[in-house]
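# Coordinates in review
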Amino acid sequence: MHTNSTYITIAHYGLSKDLLRTQNWRFVTDNDTSLLSVLYRIFYEDFRSFSAHHFLCLTDREKSSKQAYQEYQEANKDLFSWGLAREIDNRSTYTIA
C-alpha cells in the first residue's frame, strides 16, 4: 500500500469532522499548501456557509519582539473596532473572530 501525507491528512480531517460534531470550526495553520488544499476540500461547505474560518500564521523574522508585539496590539484594536461596527459587543477576540 502506498500512502503519502496528503492521504493521511485527508483521513485525519475527515475523521475529525465526523467525530467532532460542532457548529463552528477555527483553523490556524502555516502556509503549507498540501495542508491548505485538504482543509478546503474536506470543509468546503463549512467555509461556504461561514461556519469555518482559517487563520494563516506566518512569522516575520525581520521584526523585533517589541515591533511584533506592537503590531499584535494594533491588530487587536482593529478586531475590536470591526466587532463593534458589526454590533458584537464583546472583548473576547475568540468571540469576535
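Scroll up to find the structure this text is about.
What comes next concerns the included structure. What you see is a predicted model; the values in this text were computed from it and never measured. (Residues numbered from 1 in each chain as written. Predicted model: local features only at pLDDT ≥ 70, side-chain atom pairs only at ≥ 80, totals over all residues. Heavy atoms only, no water.)

Okay, the packing of helix α1 (residues 5-19) against helix α2 (residues 33-42) next. Between α1 and α2, whose axes approach to 10 Å, the crossing angle comes to 35°. In the crossing of α1 with α2, the sense of the turn from one axis to the other is right-handed. Contacts between α1 and α2 involve Thr6, Thr9, Ile10, Tyr13, Gly14 and Lys17 on the former and, on the latter, Ser34, Leu35, Val38, Leu39, Arg41 and Ile42. (Axes fitted to C-alpha atoms, helices over the stretch in contact; angles between N-to-C directions. Helix = DSSP H or I, 4+ residues; strand = E, 2+ residues; numbered from the N terminus. Left-handed = near helix turned anticlockwise from the far one by under 90°. Contact = heavy atoms within 4.5 Å.)

Before going further, it helps to spend a moment on the pattern of salt bridges. As enumerated under the stated definition, the model contains 3 salt bridges in all. In this structure, Asp46 and Lys17 form a salt bridge, with 3.0 Å as the shortest nitrogen-oxygen distance. With Asp46 in helix α3 (residues 44-48) and Lys17 in helix α1, this residue pair connects regions lying 29 residues apart in the sequence. The partner of Lys63 in a salt bridge is Glu71, with the nearest N and O atoms 2.6 Å apart. Salt bridges sharing partners connect three or more residues here, namely Asp60, Lys63 and Glu71. (Salt bridge = Lys/Arg side-chain N within 4 Å of Asp/Glu carboxyl O.)

Okay, the environment of Leu79 next. Residue position: Leu79 is located in helix α4 (residues 65-85). Contacts of Leu79, omitting those with residues within four sequence positions, involve Thr93 and Ile96.

Among the structural elements, Thr29 can be located in strand β1 (residues 25-29). Exposure remark for Thr29: the relative accessible area of 8% places this residue in the buried category. A polar atom in the side chain of Thr29 sits 2.5 Å from the side chain of His54. Each residue touching Thr29, except ones within four places of it in the same chain, is listed here: Leu35, Leu36, His54, Phe55, Leu56 and Cys57. (Buried < 20%, exposed > 50% of the residue type's maximum accessible area, 1.4 Å probe, protein only. Polar contact = N/O pair within 3.5 Å; in protein donor to acceptor, adjacent residues only side chain to side chain.)

Let us now look at the packing of aromatic side chains. Inspection of every chain in the model, using the stated rule, returns 8 aromatic pairs. Each ring, one from Phe27 and one from Phe43, has its centre 4.8 Å from the other, and the planes form 55°; the classification is tilted. Of this pair, Phe27 sits in strand β1 while Phe43 sits in the loop between α2 and α3, placing them 16 residues apart in sequence. On the basis of relative accessibility, which here comes to 8%, the residue Phe27 falls in the buried class. What makes Phe43 buried here is its relative accessible area of 0%. A connected cluster of aromatic rings, assembled from ring pairs, spans Tyr13, Trp25, Phe27, Tyr40, Phe43 and Phe47. (Phe/Tyr/Trp six-rings, centres within 6.5 Å; stacked < 30°, edge-to-face > 60°.)

Once that is clear, we can look at α4. Counted at 1.5 Å a residue, the expected span for α4 with its 21 residues is 30 Å, and the 30 Å between its end C-alpha atoms agrees. Buried within α4 are the following residues: Asn76, Phe80 and Gly83. Buried residues along α4 cover an arc of 65° about the axis, so they all sit on one side. With respect to the buried face of α4, the exposed residues turned more than 90 degrees away are Lys77, Asp78 and Ala85. (Expected span 1.5 Å × (residues − 1). Arc of directions from axis to C-beta.)

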